[in-house]
Amino acid sequence: MVHLTGLYYDASEIDDFIKVLQDAGIENILALRGDINPNVPAKDRFPYATKLIEYIKETTGDTFCIAGGCYPENHPQTVSSVDEIRYAKAKVDAGAEVLLSQLFFNNQYFYDYVMHCRMADINVPITPGVMPPINAKQIRRMVDLCGATLPDNTEAILRKFGDNKDAMLDSGMAFATSQIIDLLAHGCDGIHLYIMNNPRVAKRLCDSIINII
């Protein structure tokens, strides 16, 4: 699944990207606004992910399966949970066929979020995003960026093992495995892994739940 951002591109540039994806046989796009860079002027065409989703759908029809991002603990720039659900609904109405969630460490946040989405008539699959806490500095940076909460048990792991690379890896993988098992037991629509370009992490996680999936 290609991650395609719109904030710093105009329509012709998105068209060029789409052509490359079509030529490569790519079928799945995660359409995002993109992170704000204060040193780079944004363009006006796709200020929000909804606009990008809408454009891709209008110009390519059913060529791609389009996914949108969602935030169980609210996007840092979202004022309220009600607004967060409203934005998710707008992405689905614009053409998103699945929602992929931002990372979280307390599954209850995700379960509550899905319940509220269903109440708002958002009926597409909502896939939870899991990031194994295997690097303390990386996790703290990601939490600061996305506004996720570090529960006491996750914070304890970071404090206890954060300076021990091997211990952090083992404890973080065990935590993520337990989190994934709980999500699958609750019937979640798959799992989206945030592995930061480390395929060994994905393989180890998949191996740990091979008899579950």
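It should be emphasised that the depicted structure is a prediction, and the values quoted were computed from it without experimental measurement. (Residues numbered from 1 in each chain as written. Predicted model: local features only at pLDDT ≥ 70, side-chain atom pairs only at ≥ 80, totals over all residues. Heavy atoms only, no water.)

Engineer: Describe the nonpolar core, listing the residues and the values that go with them.
Structural biologist: Grouped together as the largest cluster of nonpolar side chains are 23 residues, with contacts concentrated most on Leu99, Phe110, Tyr113, Ile122, Ile126 and Leu183. Mapped onto this core, the elements with two or more residues apiece are helix H3 (81-94), helix H4 (107-119), strand S5 (126-130), helix H7 (165-185) and helix H8 (199-208). The dominant element in this core, judged by the number of residues it contributes, is H4, at 5 residues. In this view, Leu183 contacts Phe104, Asn107, Phe110, Tyr111, Pro128, Val130, Cys188 and Ile191; residues no more than four positions away in its chain are not counted. Within the second largest apolar cluster, 16 residues are counted, among which are Ala11, Phe64, Ile66 and Ala94. (Core = buried A, V, L, I, M, F, W, Y, C linked by side-chain atoms within 4.5 Å. Buried < 20%, exposed > 50% of the residue type's maximum accessible area, 1.4 Å probe, protein only. Helix = DSSP H or I, 4+ residues; strand = E, 2+ residues; numbered from the N terminus. Contact = heavy atoms within 4.5 Å.)

Engineer: Provide a residue-level description of the pairing of strand S4 (residues 98-103), including the pertinent values.
Structural biologist: Of all the 6 residues making up S4, 6 are buried; the element is thus mostly covered by neighbouring parts of the structure. By the bridge criterion, 4 bridges tie strand S3 (residues 65-70) to S4 in an arrangement that is parallel. The residue of S4 that forms the bridge with Ala67 is Val98. Considered for its hand, the β-α-β crossover made up of S3, H3 and S4 is right-handed. Here S4 runs beside S5; their pairing, made up of 3 bridges, is parallel. Bridged to Leu100 within S5 is Thr127. Note that the unit made of S4, H4 and S5 has a crossover that is right-handed. (Pairing = 2+ DSSP bridges. Right-handed = clockwise from strand over helix to strand, strands pointing away.)

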